[in-house]
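What the coordinates show
Here is how the chains run, residue by residue.
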Amino acid sequence: MRLDKLAKTVDKGCGAIFGISNVFYFTGYSGAGVLVYCDGVFTLLVPALEENRALDTKGVEVKVYYPAKIRGDIQYSSVMEALEKIVGNNPLSVDVSYMDVNTYIRLSNKFQIRDISQQVSSLRAVKDPDELENIKVAGEITSIAMKMAMERATEKVSEKQLSGFIDYTMKNEGAEDYAFPSIVASGENSAEPHHIPTNRVIREGDSVVVDIGAKFNGYCFDSTRTLLVKSYSEELRKVYEVVLEAQLEAIDAVTEGIKASEIDRIARKVIERSGFGKYFIHSTGHGVGIDVHESPYVSFNSNDVLKENMVITVEPGIYIKGKFGVRIEDTLIVTKGKPVVLETTYKLL
Ligand SMILES: [Mn+2]
């Protein structure tokens, strides 16, 4: 059970988990609140308005905080007051990387704190079967939207309109949310990796970068396809082929035990030897799960080592300002052999 993993990680003293995605990971409850572990007891502290949603959380005692005494059974006016009473003088393990600076300062003024962010991130990086299933379903939903987008991108449609069709399709297919705002970037806009869709209408010769992901049962997916609309330039075709080669070579190397930095190096080498190295301006990939970007990090300076059942993306790209950009991204499951690639749709020209 995940709560047992937290108890083991905290080891001595008490623990308090502040990150919404971490609280969700350990309890299944998604909302404002803090998960506290002390003397073998797990307490889920929630604001009054979330009490009903939190009540069926298994393995925890739900306690409510509210600044005004609106009910006799509300024991705490705030999270800080609750922590002072529950934790007392015990040392406190917290997920520092997941909290805001104010909370950190207030906590460190009151408690002897120890950061367990790394340990929690490492636990989350390796997925259990339920998590893999949710990610796969999120992938299937993303796939339906991606196929639709590839077809409709050739109609007279703007970036905003196409991203709207994508969002509608994902929710219509069962997504509760989007892993991140859908990116549709066409023509010279595709040179911007995190472009925000505009009214620009897609036209012949364009590179169209579509970077989308559904969220299902709290789990994210992440996929990018670049569509080249007919009568595109020879240069664009060449760049596309380089990115694809880099992606396929990097994916082929993904296996348990390899350094994540090595995957980045393989993708980067392909792009560098084609002369486009200075246009590959982001890391090769990242872990995907409750958060769309999480551990492990597939970058040249990453210290992470890939393990079975980690879920990562491999997404090299080339971006030439004023001209175009190309990115190709798949989400994949690391195994002891070749990875399971959760492809959304074709990527060959
Ligand atoms: Mn990504």
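Each value, and the rule that gives it
- Residues numbered from 1 in each chain as written.
- Predicted model: local features only at pLDDT ≥ 70, side-chain atom pairs only at ≥ 80, totals over all residues.
- Heavy atoms only, no water.
- Helix = DSSP H or I, 4+ residues; strand = E, 2+ residues; numbered from the N terminus.
- Buried < 20%, exposed > 50% of the residue type's maximum accessible area, 1.4 Å probe, protein only.
- Contact = heavy atoms within 4.5 Å.
- Areas by Shrake-Rupley, 256 points an atom, 1.4 Å probe, with all protein chains shown as cover.
- Lys, Arg positive; Asp, Glu negative; His and termini not counted.
- Charge placed at Lys NZ, Arg CZ, Asp CG, Glu CD.
- Arc of directions from axis to C-beta.
- Donors = N, O, S within 2.8 Å, 3.2 Å for Na, K, Ca; no water.
- Pairing = 2+ DSSP bridges.
- Axes fitted to C-alpha atoms, helices over the stretch in contact; angles between N-to-C directions.
- Parallel < 35°, antiparallel > 145°, perpendicular 65-115°, else oblique.
- Left-handed = near helix turned anticlockwise from the far one by under 90°.
- Nonpolar A, V, L, I, M, F, W, Y, C, P; charged D, E, K, R; others polar.
- UniProt positions renumbered as here; feature names shortened; annotations may be inferred.

1. Points about the overall build of the protein
When its secondary structure is counted, the protein shows 10 helices and 19 strands. Each principal axis of the C-alpha atoms in the protein carries an extent, and together these give about 70 × 40 × 35 Å. A buried classification covers 56% of the 349 residues belonging to the protein. Of all intrachain contacts in the protein linking residues separated by at least 6 positions in sequence, the fraction that spans at least 24 positions is 61%. Just so you have it, the protein exposes about 15,800 Å², and 51% of that area is on carbon and sulfur atoms. Charge-centre separation for the protein: the mean point of 41 positive side chains lies 2 Å from the mean point of 49 negative side chains.

2. Section: helix α4 (residues 79-87)
Regarding α4, the residues found buried are V79, M80, A82, L83 and V87. All buried residues of α4 project into a common sector of 160° when viewed along the axis, lining one side. Buried residues belonging to α4 abut β1 (14-17), β2 (34-38), β3 (41-47), β4 (61-65), β5 (92-94) and α5 (101-110). Looking one or two residues past α4, G88 carries a phi angle of roughly 60°, positive in sign.

3. So, the coordination of the manganese ion
Protein coordination at the manganese ion comes from D222 (OD), H286 (NE2), E315 (OE) and E329 (OE), with a distance range of 2.0 to 2.3 Å. Spacing between the donor residues of the manganese ion along the chain follows D-x63-H-x28-E-x13-E. Note that H286 is positioned in strand β13 (residues 285-287) and E315 in the loop between β15 (311-314) and β16 (317-320), a separation of 29 residues in sequence. Note on E315: relative accessible area 8%, which makes it buried.

4. Quick notes on the pairing of strand β14 (residues 294-298)
In terms of burial, β14 is largely enclosed, as four of its five residues are buried. The pairing of β13 with β14 spans three bridges and is classified as antiparallel. Looking across to β14, one finds that G285 is bridged to V298. As consecutive antiparallel partners, β13 and β14 are separated by six residues.

5. Quick look at the packing of α4 against α5
The interhelical angle for the contact between α4 and α5, taken along N-to-C directions, is 25°, at an axis separation of 12 Å. In this view, α4 runs roughly parallel relative to α5, as classed from their interaxial angle. The handedness of the crossing between α4 and α5 comes out as right-handed. Facing α4, whose interface residues are M80, L83 and E84, α5 presents T103, R106, L107 and K110. Each residue belonging to the contact of α4 with α5 can be placed in one class, and the counts come to three nonpolar, one polar and three charged.

6. Quick word on the sheet that holds strand β12 (residues 223-228)
Reading across from one edge, β8-β9-β12 is the order of the three strands in this open sheet, with antiparallel pairing throughout. At either margin of the open sheet sits one strand with a lone partner, and together these are β8 (183-186) and β12. Sheet twist, expressed as the mean angle between neighbouring strand axes with direction ignored, is 10°. In the sheet, β8 pairs with strand β9 (residues 207-212) via four bridges, with the strands oriented antiparallel. What sits directly across from A185, in β9, is V209.

7. Some remarks on the UniProt feature "domain: Peptidase M24" (unreviewed entry) in the protein
The feature "domain: Peptidase M24" (unreviewed entry), as given by UniProt, occupies residues 133-336 in the numbering adopted here. The straight-line gap between the two end C-alpha atoms of residues 133-336 is 19 Å; of that span, 33% is helix and 23% is strand.

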